[in-house]
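Notes for the structure review
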Amino acid sequence: MLLAALILTACGSSSNNGENPVKASGVLRVGTEGVYSPFSYHDPATGQLVGYDVDVAHAVADKLGLKVEFVETPWDAIFAALEANRFDVVANEVTINDERKQKYDLSEPYSVGEGVIVTRADDNSVKSLDDIKGKVAGETATSNWAQVARDHGARVESVEGFTQAIKLLNQGRVDLVINDSIAVYAYLAETGDKSVKIAGNTGEKSEQGFAARKNSGLLPDLNKALDELRSNGTLATISEKYLKANASGGPATPAADASESTWQLILRSLGPLAKAAITKTVPLTVISFAIGLIIALVVALARLSPNVILTNVARFYISVIRGTPLLVQLFIVFYALPELGVKIESFPAAIIAFSLNVGGYAAEIIRSAIQSIPKGQWEAAETIGLDYVGALRRIILPQASRVAVPPLSNTLISLVKDTSLASTILVTELLRQAQIIAAPKFEFFALYGTAAVYYWVICLVLSFGQGRIERRLERYVAR
Amino acid sequence: MTEPREDRILAEGVHKAFGENEVLKGVSFSVAQGSATAIIGPSGSGKTTLLRALNALDVPDAGVIRVGDVEIDFSKPVSKDQLRRYRAQSGFVFQSHNLFPHKTVLQNVTEGPIVVQKQPNEQAEADAVELLEQVGLAEKRDQYPFQLSGGQQQRVGIARALALKPKVVLFDEPTSALDPELVGEVLSVIKDLAVEGWTLVVVTHEIQFARQVSDQVLFTDRGVILEKGPPAEVIGNPKEERTRQFLDRILNPL
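Within any chain, residue numbers begin from 1 and follow the written order of that chain's sequence. Whichever chain is written first is A, and whichever ligand is written first is 1; the rest continue in order. Thresholds applied to this predicted model are a pLDDT of at least 70 for local features of residues and 80 or more for the giving and counting of side-chain atom pairs; totals over whole chains, interfaces and linings are not thresholded and use all residues. As a convention, hydrogens and water are excluded, and side-chain values are obtained from all of the structure's heavy atoms.

For the rest of this paragraph, the subject is the sheet that holds strand E1 (residues 7-18) of chain B. Residue and element names in this part refer to chain B. With antiparallel pairing, 4 strands are arranged side by side in an open sheet as E2-E1-E4-E5. Edge strands, defined here as strands with exactly one partner in the open sheet, are strand E2 (21-32) and strand E5 (70-73). Direction aside, neighbouring strands of the sheet carry axes that sit 10° apart on average. In this scheme, strands are said to pair when DSSP sees at least two bridges between them. Numbered from the N terminus, helices here are DSSP runs of H or I no shorter than four residues, and strands are runs of E no shorter than two. Where strand E4 (residues 62-67) and E5 come together, 4 bridges link them in antiparallel fashion. Note on E5: the bridge partner recorded for Val64 is Asp73. Seen against the sheet, helix H2 (residues 80-87) touches E4 and E5 and runs at an angle of roughly 135° to E5. Each axis is a line fitted through C-alpha atoms, and for a helix only the stretch in contact is used; angles between axes span 0 to 180 degrees, taken between their N-to-C directions. The criterion used for residue contact is that any of the two residues' heavy atoms lie within 4.5 Å.

This paragraph deals with the pairing of strand E10 (residues 155-159) of chain A. Along a regular strand, successive side chains alternate from one face of the sheet to the other. Residues and elements named next belong to chain A. Two strands pair when backbone bridges link them, and strand E9 (residues 136-140) and E10 are joined in this way by 5 bridges, in the parallel orientation. Paired with Thr140 across the two strands is Val159, which belongs to E10. Whether a crossover is right-handed depends on one test, that the path from the first strand over the helix to the second runs clockwise when the strands point away from the viewer. Taken together, E9, helix H6 (residues 144-151) and E10 form a β-α-β motif whose crossover is right-handed.

In many reports, interface size means the accessible area that the parts give up when they come together. Taken residue by residue, the interface counts 22 residues in chain B and 19 residues in chain A. In this description, buried area is defined as the sum, over both parts, of the accessible area (probe of 1.4 Å) that is lost when the two are combined. Interface of chain B and chain A: buried area, both sides summed, is about 1,900 Å²; carbon and sulfur atoms make up 62% of it. Interface area lost by chain B to chain A is led by Phe100, His102 and Phe146 of chain B, which between them contribute 29%. Whenever a carboxyl oxygen of Asp or Glu lies within 4 Å of a side-chain nitrogen of Lys or Arg, that contact is scored as a salt bridge. Applying the counting criterion to the chain B and chain A interface returns 3 salt bridges.

Turning our eyes to something else, we now look at the side chain of Gln152 of chain B. Residues and elements named next belong to chain B. Along the chain, Gln152 turns up in helix H5 (residues 150-162). Judged by relative accessible area, Gln152 falls into the buried class, the value being 18%. Beyond its immediate stretch of four places on either side in the chain, Gln152 contacts Leu137, Lys140 and Glu185. For each residue, the accessible area found with a 1.4 Å probe, counting protein chains only, is set against the maximum for its type, and the residue is called buried under 20%, exposed over 50%, and partly exposed in between.

Attention now goes to the confidence of the model for chain A. It should be kept in mind that the predicted coordinates are not to be read in detail where pLDDT is low. All names here are of chain A. For chain A, the mean per-residue pLDDT works out to 85, and 92% of the residues sit at or above 70. Per-element averaging of pLDDT across chain A places helix H11 (residues 255-258) at the bottom with 42 and helix H13 (residues 308-323) at the top with 96. Low pLDDT, under 50, characterises residues 1-18; the stretch is placed with 34 contacts to residues that sit more than four places away or in other chains. Values of pLDDT, the confidence the predictor places in each residue, fall between 0 and 100. Segment residues 245-257 is flagged for pLDDT under 50; beyond a separation of four residues in sequence, or across chains, it makes 14 contacts in the model.

A separate point is helix H18 (residues 430-438) of chain A. Residue and element names in this part refer to chain A. Burial analysis of H18 places 8 of its 9 residues in the buried class, the great majority of the element. The set of residues buried in H18 consists of Leu430, Arg432, Gln433, Ala434, Gln435, Ile436, Ile437 and Ala438. Whenever two N or O atoms come within 3.5 Å, that pair is a polar contact, provided that in protein one can donate a hydrogen and the other can accept it, and provided that, for residues adjacent in sequence, both atoms are side-chain atoms. Capping the start of H18 is the job of one residue whose side-chain oxygen sits 3.0 Å from the backbone nitrogen of Leu431: Glu429.

Another point: the nonpolar core. Tyr335 and Ile425 of chain A together with Phe29, Leu54, Ile65 and Val201 of chain B are the most contacted members of the largest nonpolar core, which has 96 residues in total. It is helix H15 (residues 346-371) of chain A that provides the largest number of residues to this core, a total of 12 residues. Residue-level mapping places this core at the junction of two domains, with at least three residues from each of domain 1 (2-111 + 208-243) and domain 3 (262-476) of chain A. Beyond its immediate sequence surroundings of up to four residues, Phe29 of chain B is in contact with Ile9, Leu10, Ala11, Leu50, Leu54, Leu218, Ile225 and Lys228 of chain B. Only buried residues count toward a nonpolar core. Its members are Ala, Val, Leu, Ile, Met, Phe, Trp, Tyr and Cys residues joined through side-chain atoms within 4.5 Å. Listed in part, the 44 residues of the second largest apolar core include Tyr41, Leu169, Ala183 and Ile238 of chain A. These domain boundaries are the output of an automatic or database domain assignment.

Looking now at helix H12 (residues 262-304) of chain A. The end-to-end C-alpha distance of H12 of chain A is 55 Å, clearly below the 63 Å that 43 residues give at a rise of 1.5 Å each. Bend, at a single residue, is the angle you get between axes fitted to the 7 residues ending at that residue and the 7 residues starting at it. At Ala277 of chain A, H12 of chain A shows its strongest bend, of approximately 35°. The length a helix should cover is 1.5 Å for every residue beyond the first.

Angle between the axes and distance between the axes are the two parameters that describe a pair of packed helices. Residue and element names in this part refer to chain A. Where H12 meets H18, the axes come as close as 8 Å, and the angle between the chain directions of the two elements is 150°. As summarised for this structure, H12 and H18 are arranged roughly antiparallel, according to the angle between their axes. Classified by chirality, the crossing of H18 by H12 is right-handed. Touching Leu265, Ser269, Pro272, Leu273, Ala276, Ala277 and Thr281 of H12 are Leu430, Gln433, Ala434 and Ile437, all from H18. For classification purposes, angles smaller than 35 degrees are called roughly parallel, those larger than 145 roughly antiparallel, those between 65 and 115 roughly perpendicular, and all remaining angles oblique. With the far helix as reference, a near helix turned anticlockwise by less than a right angle produces a left-handed crossing, and one turned clockwise produces a right-handed crossing.

This next bit is on the pattern of salt bridges. The tally for this structure, following the rule as stated, stands at 29 salt bridges over all chains. Across the pair Asp88 of chain A and Arg29 of chain A runs a salt bridge whose closest N-O atoms are separated by 2.9 Å. With a gap of 59 residues between them, Asp88 of chain A in the loop between helix H4 (78-83) and strand E6 (89-95) and Arg29 of chain A in strand E1 (residues 27-32) connect regions that are remote in the sequence. In this structure, Asp88 of chain A and Arg29 of chain A share a single accessibility class: buried. Asp58 of chain B is the salt-bridge partner of Arg52 of chain B, the closest N and O atoms lying 2.9 Å from each other. For the pair formed by Arg52 of chain B and Asp58 of chain B, the shared burial category is buried.

This paragraph deals with a nonpolar patch on the surface. Residues and elements named next belong to chain A. Patch definition: residues above 30% relative accessible area lacking any salt bridge, with like charges linked at up to 9 Å and the nonpolar side chains Val, Leu, Ile, Met, Phe, Trp and Tyr linked at up to 5 Å. Where accessible areas are quoted, they stem from the Shrake-Rupley method and a 1.4 Å probe; at the residue level, only the protein chains shown are allowed to cover. The grouping of Val282, Val286, Ile287 and Ile291 at the surface amounts to a nonpolar patch, some 290 Å² of accessible area in total. Within the element layout of this structure, Val282 appears in helix H12. Overall, Val282 belongs to the partly exposed group, its relative accessible area being 32%.

For the rest of this paragraph, the subject is the sheet that holds strand E9 (residues 216-221) of chain B. Residue and element names in this part refer to chain B. Within the open sheet, the 6 strands sit side by side as E6-E7-E8-E3-E9-E10. Their pairing is mixed. The two strands at the open ends of the sheet, each matched to only one other strand, are strand E6 (90-93) and strand E10 (224-229). The mean inter-strand angle of the sheet, taken between neighbouring strand axes irrespective of direction, is 20°. With 4 bridges connecting them, strand E7 (residues 168-172) and strand E8 (residues 200-203) associate as parallel partners. In the strand pairing of E8, Asp172 is matched with Val203. Sitting on the sheet, helix H9 (residues 241-251) is in contact with strand E3 (36-40), E9 and E10, with an inclination near 100° to E9.

All names here are of chain B. Here Gly13 lies in strand E1. Overall, the relative accessible area of 27% leaves Gly13 in the partly exposed class. Residues Gly13 and Pro113, 100 residues apart in the sequence, show an inter-C-alpha distance of 33 Å. Excluding residues that lie within four positions of it along the chain, Gly13 makes contacts with Gly26, Val27, Ser28, Ala62 and Gly63.

As structure tokens, this is what we get:
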């Protein structure tokens, strides 16, 4: 999560003055979480992205005569993605404060609430911010609520979003959550959760608006549209739809939906999760692994070559790939390269990052496998007239593959699970899909558990394949 | 044994050093077509390096060697293509056979003819089966090397070397890694090849074999050929003191 902040600072300088590319393209690209009910989430019945912020964005775009395109992004990466020009504005209950005003163009507010402190129902030790010193607060790392908690002496545990924070509170892993009253009321109404309560308020109003890149030139249009929507009652209507119902304690979702049990939810999720696994997780794994193996072979041969320059280039590559977190590699490809003018869509960006990563790890496996083949095999290949490539292809690699298959299978199986990191760069793969389905119902455990089973099944199939390949390669070895 | 018509190998002033260690210090000899040459000598005398130079497994630093139709002056830069043509003149049988473990007996023999010489599969296989019959292993054609005894493995190694129809066949201590009771089957195959008129160069510790089969014996010592001639002379009546000492140690180890 710090990463997002780091990249954010690194990217802080990008700007353009006055001109308005949004109008030119006719499309307003909106970054939003998609898992933040009731502001930005997928309707369980239709699968459509809906919510207060989503509907406001639609209304504003309509007013401006623009088409709207939503880009779903985890909250902690949302400003980095904004800087990287993945979209034009953030519509995700961005709280207006001075620090953000310096870095971004913030619109007039379209929702107003107050900060409240949520604790477990049986916890009477917190009445106000003065009581939270030394306690643990669950907050998203870059939110202003995290700052409020820190300022009053609480230790902040980083979470991925409000719903996860409440989950941790329920589990006793954090003592309190500070958030906007609107979000808290929405949660309480939706779930009927009686185990947590609002213990006090922070005494400050919070105003939420759109965020755009500094000097985007979008503010006059956005504010004008918001003014009109406010005065003609459109904002009130949308607010009624998503928020007032919560405040009144009534159900926020249709009755049929509210009665859906956890098992029904899991059952309903099986199809979308399978689709995410088949269209995203499996192709990501297979394509990245195939490209990664080719990279690895080339790097391994470079590493083994007598050419000192080649050897050192290969060493450097392996060292960098193995010495840096995969998450950073993903972020560099997706968020940092656009700063250098190289903009890559999320799926290919993930393929590039994963391929390079596999290349680094598999190179050492392939190198040691090649080195494990006796020198006499190279010599015998030479004496029957094979050249380097021929010897490698026909004699050495077939034997080396027997040595390399078990450790390479490890790499492949790790990769299956590592693809879940692609969710941080906007790929709706298996884990992200689980988040999307879980968010409106706050059923994270059930959905993450289901996703885990899917990962496990994929890995089981791969292990089975590994066994078959190994048996085939063992056929010429004495047992 | 056929009447020698021309030299199949002609080596002049061959030098080879590994770092500081000068292993060959100007070696010259010739091998007549259809003859068998035995190279004997103490460990470290350079006999294996000399043999490997004939196939460019170790490339000499200086000297001129002609094998079959290809002559190379190693004191000048040598191209890869030159080395490839030079190497194709000879077949090589290793001390530890170095069969390809992932290929069947038949595939080991046909690998060179099919992949390198681009022979049609059927022809290469027919030729390979014939060679395997010659070394008495035709019925093992579809087995993998690990299923064979050491002697059988070495005989497949010989068939593999012959499959490329080389002008010369080089043997690097072909029986040293074998159990004693398996030595005979391999030596008898080599002996048959000599009788058939193949040109052979054999690095060996089998003095009796050298005496019975070879036409010429080279005794190497400290990087030079100290004595060469027919086995009756070099083994039967050595002129050099070091040759006598060596033979005495080998023939009367106690």
